[in-house]
Amino acid sequence: LEPINGASLCDLLQLLADEGSPIGIAAFFGGWHEVNTPQDLTRAQNDTAMFLSEEEARDQVAAMGACLLSEANDLKRPLPIVAKELNMELAKLECLLRGDLDV
């Protein structure tokens with residue numbers, strides 16, 4: 001991984017495989033982008049609407065909310081504390097958890 005700043009996710013996975021680390025798979029439903037730079041992230045955010053219908057986007061938000069709630073529960077964090085730690089309004093966090101947050 002030399003230079004490290006130029007390494008890609010593929011480079012990292014290859015390094016892990018070369019070192020004998022187990023590597024698994026993850027299923028993706030909907031749009032997917034390879035993101036290596038801040039510009040890639042901006043492009044992926046802008047392109048998401050092309051890949052997901054409004055209903056799919058809401059389902060994705062609801063899934064993210066469910067994951068966040070699960071993590072908060074595991075950490076025994078009440079929602080007002082989670083909102084404060086994320087520097088977001090509690091009402092917006094609650095919308096995210098319901099899948100109603102506009103993205």
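Residues numbered from 1 in each chain as written. Predicted model: local features only at pLDDT ≥ 70, side-chain atom pairs only at ≥ 80, totals over all residues. Heavy atoms only, no water.

Let us now look at the overall build of the protein chain. For the protein chain, the helix and strand inventory stands at five helices and zero strands. In the protein chain, the succession of α and β elements from N to C terminus is α-α-α-α-α. Across the 103 residues of the protein chain, 13% fall into the buried class. Carbon together with sulfur atoms contributes 57% to the accessible area of the protein chain, which is approximately 8200 Å² in total. (Helix = DSSP H or I, 4+ residues; strand = E, 2+ residues; numbered from the N terminus. Buried < 20%, exposed > 50% of the residue type's maximum accessible area, 1.4 Å probe, protein only. Areas by Shrake-Rupley, 256 points an atom, 1.4 Å probe, with all protein chains shown as cover.)

Here the focus is the environment of Leu68. Looking at where Leu68 falls in the secondary structure, it is placed in helix 3 (residues 54-74). Relative accessible area serves as the criterion here: at 24%, Leu68 is assigned to the partly exposed category. Between the C-alpha atom of Leu68 and that of Val82, which follows or precedes it by 14 residues, the distance is 9.4 Å. Every residue in contact with Leu68, bar those within four places of it in the chain, is listed here: Leu86, Leu93 and Leu96. (Contact = heavy atoms within 4.5 Å.)

Turning to the confidence of the model for the protein chain, a few remarks are in order. A low pLDDT score tells you not to read the predicted coordinates there in detail. On average, residues of the protein chain score 79 in pLDDT, and 86% of them are at 70 or above. Helix 4 (residues 79-85) holds the highest mean pLDDT among the elements of the protein chain, 89, whereas helix 2 (residues 38-51) holds the lowest, 72. (pLDDT = per-residue confidence, 0-100.)

Attention now goes to a nonpolar patch on the surface. Nonpolar side chains collect at one region of the surface, where Leu9, Leu12, Leu13, Leu15 and Ile23 lie side by side and expose about 400 Å² of accessible area between them. Position of Ile23 relative to the elements: it lies in the loop between helix 1 (9-18) and helix 2. (Patch = residues over 30% accessible without salt bridge, like charges linked within 9 Å, V, L, I, M, F, W, Y side chains within 5 Å. Salt bridge = Lys/Arg side-chain N within 4 Å of Asp/Glu carboxyl O.)

Now for the pattern of salt bridges. Taken as a whole and assessed by the stated rule, the structure comprises one salt bridge. Across the pair Glu85 and Arg77 runs a salt bridge whose closest N-O atoms are separated by 2.8 Å.

Soluble globular proteins tend to bury their nonpolar side chains together. Residues Val61, Ala72, Val82, Ala83, Leu93 and Leu96 constitute the largest nonpolar core, which totals six residues. Elements represented by at least two residues in this core include exactly helix 3, helix 4 and helix 5 (90-98). Excluding its chain neighbours within four sequence positions, the residues that come into contact with Leu93 are Leu68, Leu79, Val82, Ala83 and Met88. (Core = buried A, V, L, I, M, F, W, Y, C linked by side-chain atoms within 4.5 Å.)

This part covers the packing of helix 3 against helix 5. Interaxial distance between helix 3 and helix 5 falls to 6 Å at its minimum, and their mutual angle equals 110 degrees. In terms of orientation, helix 3 and helix 5 fall into the roughly perpendicular class. Note on element contacts: helix 5 touches helix 3 through Leu93, Leu96 and Leu97, opposite Val61, Ala62, Gly65, Leu68 and Leu69. Across the contact of helix 3 with helix 5, the residue classes tally to seven nonpolar, one polar and no charged. (Axes fitted to C-alpha atoms, helices over the stretch in contact; angles between N-to-C directions. Parallel < 35°, antiparallel > 145°, perpendicular 65-115°, else oblique. Nonpolar A, V, L, I, M, F, W, Y, C, P; charged D, E, K, R; others polar.)

This part covers helix 3. Taking 1.5 Å of rise per residue, the 21 residues of helix 3 would be expected to cover 30 Å, and the 30 Å separating its terminal C-alpha atoms lies within 8% of that figure. Looking at the buried residues of helix 3, the elements they touch are helix 4 and helix 5. Just past helix 3, the residue Lys76 takes up positive phi, approximately 60 degrees. (Expected span 1.5 Å × (residues − 1).)

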